[in-house]
Amino acid sequence: MPNAIRDFVMQQPLFCSHNHHVSFKEFDAGRAGYDHTTLLGYADADLRTAAGARPPGGEEWLAHLDACWPKVRTTGYGRAVALACRELFDLDYSPENFGAITRALQAAIADKSAAEVFDYFVREKSGTKWVLSDAKLDVTDLAAYAEDLHPSYYRFAWRRDDLFYPTDFAAFASLEQGTGVAILSLDRLVDAINASIDGFKGAGRLQAFKIGMAYGRELAVVDPTRHEAELAFNRLRSRTRPNDGIQQDSGRVNAREARPLGDYLFHRVMERAHDEDIPVQVHTGYLWGHWGSLMGTKASLLLPIFEKYRRVRFDLMHASWPWTSELGAVAKNYPNVYPDLCWAWAMNPAASERALSEWLDAVPFNKIFGYGADTSHPWCDVGYALQARLGIARVLDQKIEGGYFSPAAAEEVAAAIMLRNGEEFLDLTSE
Ligand SMILES: [Zn+2]
């Protein structure tokens, strides 16, 4: 049966709010190793989950891929893999095809430059027009962000999570090295952070700040005084700064002692976001991998931040799953908050559909980001993009069926949440 909104959503170009793709140089360095396992993306984590509390083969889950895969192929992570494999190679992702999948993948990249590989998988096969990348490169190594190492339609976020949960001098030492600012005092540390941001901006790469600190601490941030932060800094510097190669004292400060410093630095970065209207992306909700401390990742822990920095635009990523309804309420209450479904379609397609449906009923649609692949390999985007399109189409179809949206309104919503909101958020016009 023809379905106009589904057809519209399937061909609508995408704004990808979040990705971790490597540079062309790193991509080329890994060419020989791209095999069927590189299609797994996040599904490797579900393999470990399927293996249970006492994995039969220890932690070497890849050796058990054949046995574990059937249990994983039904989850969102697993379905993204199957979708990509079917779309790209017309093959089922299953053990008997692993050899053929590797050969097909290698054939697909064989005669292409890295730039052509990215164009093929990201632009052509995923239908992505723009990518906001969190490339996991050192943001003080500006050579790694050179224009000829990344597609022209990629934009970048400045990210230094380690500054917000320091327990030794290592984070500051690399900042010192990268910026040339000797970190002799708290003020000099703030100078070094600003110098790093200035460098990123000067290189034309600063499109957003990315705060991924949920991986190392809870999201609640208080407002310590300069004195409290300075005490923490002095303690940390005197105890943990390498001195002619000799590590002093125990080499670490406990996380509680260092927290005032991390919180203080967080506010300094928010001030720059405020002063220069730089959007802030924050990881909220579920954490990649296993054993993560989920309770510290709720978006609502950041309410005092949204309230204080009313003129800063916050992109709250990953739908804050499993607290998606809560994020809808937050986004409705705080005009500076934008709920984002990046990665969520793969983590939990059913929850993502419910989230989008609820948000559309509560939050003006110009605030919602509908897609972000959040992958490392460009071919993984194909499955995640398809997954997002199928979910978005289903939600909008239900809104039309229920009589809530006209077909024209549904198309307007799709164009906004899939592309236009992102273009407006980052002020994207030409490549
Ligand atoms: Zn990510």
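Anything mentioned here points back to the structure above.
Quick summary incoming for the structure in this document. Just so it is clear, the structure is predicted and the values come from calculations on it, not from any experiment.

Within the protein, the regular secondary structure consists of 17 helices and 7 strands. Referenced to the eigenvectors of the C-alpha coordinate spread, the extents of the protein come out at roughly 70 × 50 × 45 Å. Counting over 431 residues, the protein shows a buried share of 48%. Long-range pairs, those at least 24 residues apart, make up 75% of the contacts in the protein between residues at least 6 apart in sequence.

What the 7 strands build is an open sheet, ordered β1-β2-β3-β4-β5-β6-β7; its pairing is parallel. Since the sheet does not close on itself, it has two edges, and those belong to β1 (14-19) and β7 (337-339), each with one partner. On average, each strand axis in the sheet is inclined to that of its neighbour by 30 degrees, with strand direction left out of account. Sheet topology note: the strand β6 (residues 314-317)/β7 ladder contains 3 bridges and is parallel.

We now examine the pairing of strand β2 (residues 128-133). Most of β2 is tucked away, with 5 of its 6 residues classed as buried. Pairing of β1 with β2, which is carried by 4 bridges, proceeds in the parallel orientation. Each residue of the ladder has a partner; that of Asn19, found in β2, is Ser133. As paired strands, β2 and strand β3 (residues 154-158) are joined by 3 bridges and run parallel to one another. Bridging across to β3, Ser133 finds its partner in Phe156.

Take unusual backbone geometry next. A cis geometry characterises the amide bond from Trp321 onward to Pro322, with omega recorded as 10 degrees. The phi dihedral of Asp90 falls on the positive side, at around 55 degrees, and the residue is not glycine. Structurally, the position occupied by Asp90 is in the loop between α5 (76-89) and α6 (98-110). The exposed category is assigned to Asp90, around which 8 C-beta atoms lie within 10 Å. Positive phi, close to 65 degrees, is recorded for His318, a residue that is not glycine. One can find His318 in the loop between β6 and α13 (324-333).

What follows concerns the packing of helix α3 (residues 43-51) against helix α4 (residues 65-72). Running from N to C, α3 and α4 point in directions that differ by 95 degrees, and their axes come no closer than 9 Å. Put simply, α3 runs roughly perpendicular to α4. Between α3 and α4, the residues in contact are Ala43, Asp46, Leu47, Ala50 and Ala51 and Leu65, Cys68, Lys71 and Val72, respectively. Classifying every residue of the contact of α3 with α4 gives 7 nonpolar, no polar and 2 charged.

In this section: the packing of helix α8 (residues 170-179) against helix α9 (residues 186-202). Closest axis-to-axis distance for the α8/α9 pair is 9 Å, and the angle between their directions is 55 degrees. In terms of their interaxial angle, α8 and α9 are classed as oblique. Every pair of crossing elements has a handedness; the one defined by α8 and α9 is left-handed. Only Leu189, Ala192, Ile193, Ala195, Ser196 and Gly199 of α9 make contact with α8, whose side of the interface consists of Phe172, Leu175, Glu176, Gly178 and Thr179.

Taking 1.5 Å of rise per residue, 20 residues should cover 28 Å, and helix α17 (residues 407-426) covers 28 Å from first to last C-alpha, within 8% of that figure. All buried positions along α17 are accounted for by Ala410, Val413, Ala414, Ala416, Ile417, Met418, Leu419, Asn421, Gly422 and Phe425.

Right, let's get into the pairing of strand β4 (residues 206-211). Judged by how many residues are buried, β4 sits mostly within the fold: 6 of 6 residues are covered. With 3 bridges joining them, β3 and β4 adopt parallel strand pairing. Paired with Ala157 across the bridge in β4 is Ala208. Here β4 runs beside strand β5 (residues 280-283); their pairing, made up of 3 bridges, is parallel. When the bridges of β5 are listed, Lys210 appears paired with Gln281.

Positionally, Ala53 belongs in the loop between α3 and α4. Sequence spacing of Ala53 and Leu206 is 153 residues, and the spatial spacing of their C-alpha atoms is 43 Å.

Structurally, Ala355 can be placed in helix α15 (residues 349-362). The residues contacting Ala355, other than those within four sequence positions of it, are Ala319, Thr324, Leu341 and Ala344.

Cut-offs and rules
Residues numbered from 1 in each chain as written. Predicted model: local features only at pLDDT ≥ 70, side-chain atom pairs only at ≥ 80, totals over all residues. Helix = DSSP H or I, 4+ residues; strand = E, 2+ residues; numbered from the N terminus. Buried ≥ 20, exposed ≤ 12 C-beta atoms within 10 Å, placed from the backbone. Contact = placed C-beta atoms within 7 Å. Pairing = 2+ DSSP bridges. Axes fitted to C-alpha atoms, helices over the stretch in contact; angles between N-to-C directions. Parallel < 35°, antiparallel > 145°, perpendicular 65-115°, else oblique. Nonpolar A, V, L, I, M, F, W, Y, C, P; charged D, E, K, R; others polar. Left-handed = near helix turned anticlockwise from the far one by under 90°. Expected span 1.5 Å × (residues − 1).

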